[in-house]
Amino acid sequence: MTFSIATPVFNGMPIIRRCVGSVRGQRHVTVEHIIQDGGSSDGTGEWLGTQPDLNTRSEPDKGMYDAINRAWARANGSILSWLNADEQYLPGTLATIAGFLTEHPEVDAVFGNMIAVAPDGRPLAARREVPLRGLYLRNRFLYAFSCTLFFRRSLFDRGLLVFDTRYRYAGDYDLMLRLVNAGVKVLHIPSYLALFGVDGTNLSGTVELAEEAEVIRARHGAFKSRTARMAVALLRCVERLANGCYRNDDLTYDFALDEKPTYRRFAKESAGFRFPYTTPHA
């Protein structure tokens, strides 16, 4: 089982080095890290050229989702994923995914829980989730964070795992809705798999994403009634409550500081589930 991990980047220094380090730190798996650079001017392309173990290409693209499509098009692995430059896999994540997918050949894709962190690695929140349900997706938002998503290559070979590049902000939302509508079996692994970077520039907190997501909801058959949507929101909250997603959790994790990787260990007692999309002060 070989992993092909796509990372889109544009002017990503120095955070791209940490992302690369988190992938290099994975053990007991075969990994192909594909970096698609959109033509950076901050030294990213030059640094990537000094890393012979990376599959890199630098060329203009139409945005993040186009870059991921390009990276996956030259992937060789049996498991595909994407990891943004400001995100990291936790040590042992890929081995966990490999073991799970080996034990569950009927599963097409998986996702897990994530830890939101500040740019220096400080913990901000522990985000646990419930299984992916079409009803929730169509009427709410994508609650499977992309840094925890992994797909079998068969989805790509069938033409299902491709982003619609008309979308600039919520293309992953559209992709997951299309997969669920196609009957793709997506399971949730109740483990922390990745670190989600929060630095104040995340697309997740923008007005543009909210507007684009509403267009996607309408195209995928969301309820028009505000009351019906509120009922779905309440249902998801009840399921999250029943599964302990709102309980605080004690965290201990390793944060990659560079491409080697060198790690720094962080710990936080009773971390909550809420986090801002702007970085709080230390």
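We now turn to the structure provided with this report. (Residues numbered from 1 in each chain as written. Predicted model: local features only at pLDDT ≥ 70, side-chain atom pairs only at ≥ 80, totals over all residues. Heavy atoms only, no water.)

**Focus: the overall build of the chain**
Across its full length, the chain holds 9 helices and 11 strands. Taking 19 Å as the expected radius of gyration for a compact globule of 282 residues, we find that the chain reaches 18 Å, a close match to that expectation. Here the C-alpha coordinates of the chain stretch approximately 55 × 45 × 40 Å along the principal axes. If the 34 positive side-chain charges of the chain are averaged to one point and the 31 negative ones to another, these points end up 5 Å apart. (Helix = DSSP H or I, 4+ residues; strand = E, 2+ residues; numbered from the N terminus. Rg over C-alpha atoms; globule rule 2.2 N^0.38 Å. Lys, Arg positive; Asp, Glu negative; His and termini not counted. Charge placed at Lys NZ, Arg CZ, Asp CG, Glu CD.)

**Things to note about helix H1 (residues 15-24)**
Residues of H1 that are buried: Ile 16, Cys 19, Val 20, Gly 21, Ser 22 and Val 23. Where H1 is buried, its residues touch strand S1 (2-9), strand S2 (30-37), helix H2 (44-48), strand S5 (88-89), strand S10 (249-256) and strand S11 (263-271). (Buried < 20%, exposed > 50% of the residue type's maximum accessible area, 1.4 Å probe, protein only. Contact = heavy atoms within 4.5 Å.)

**Here we look at the pattern of salt bridges**
Oppositely charged side chains can form a pair if their charged atoms are brought close together. Counting across every chain of the model gives 16 salt bridges. For Asp 53, the salt bridge goes to Arg 24, with nearest N and O atoms at 2.6 Å. Of this pair, Asp 53 sits in the loop between H2 and strand S3 (55-58) while Arg 24 sits in helix H1, and the two are 29 residues apart along the sequence. Its relative accessible area of 47% is what places Asp 53 among the partly exposed residues. The partly exposed category is assigned to Arg 24, whose relative accessible area is 23%. For Glu 129, the salt bridge is made with Arg 236, and the minimal N-O distance between the two is 2.7 Å. Of the two residues, Glu 129 sits in the loop between strand S7 (123-127) and helix H5 (134-139) while Arg 236 sits in helix H9 (residues 226-242), which places them 107 residues apart along the sequence. Across the pair, Arg 236 and Glu 129 agree in class, each one buried. Linked through salt bridges whose partners overlap, the residues forming this network are Arg 127, Glu 129, Arg 236 and Arg 240. (Salt bridge = Lys/Arg side-chain N within 4 Å of Asp/Glu carboxyl O.)

**Side note on a nonpolar patch on the surface**
A surface patch of nonpolar side chains, amounting to about 240 Å² of accessible area, comprises Leu 135, Phe 223 and Leu 235. Relative to the helices and strands, Leu 135 is located in helix H5. (Patch = residues over 30% accessible without salt bridge, like charges linked within 9 Å, V, L, I, M, F, W, Y side chains within 5 Å. Areas by Shrake-Rupley, 256 points an atom, 1.4 Å probe, with all protein chains shown as cover.)

**Side note on the layout of surface pockets**
Put simply, the second largest pocket is a space of about 160 Å³. Along the wall of the second largest pocket there are 15 residues; nearest its centre are Ile 15, Arg 18, Asp 86, Pro 119 and Gly 197. Breaking the lining of the second largest pocket down by element, the ones donating at least two residues are H1 and strand S9 (186-197). Here the element with the most residues in the lining of the second largest pocket is H1; it accounts for 3 residues. Classifying every residue of the lining of the second largest pocket gives 9 nonpolar, 2 polar and 4 charged. (1 Å grid on protein atoms, 1.4 Å probe; cavity = no way out; pocket = protein on both sides within 12 Å on 5 of 7 lines; lining within 4 Å. Points joined across faces, edges and corners; volume = space filled by probe spheres on them. Nonpolar A, V, L, I, M, F, W, Y, C, P; charged D, E, K, R; others polar.)

Interpretation note: all reported values are geometric properties and have no functional meaning in isolation.
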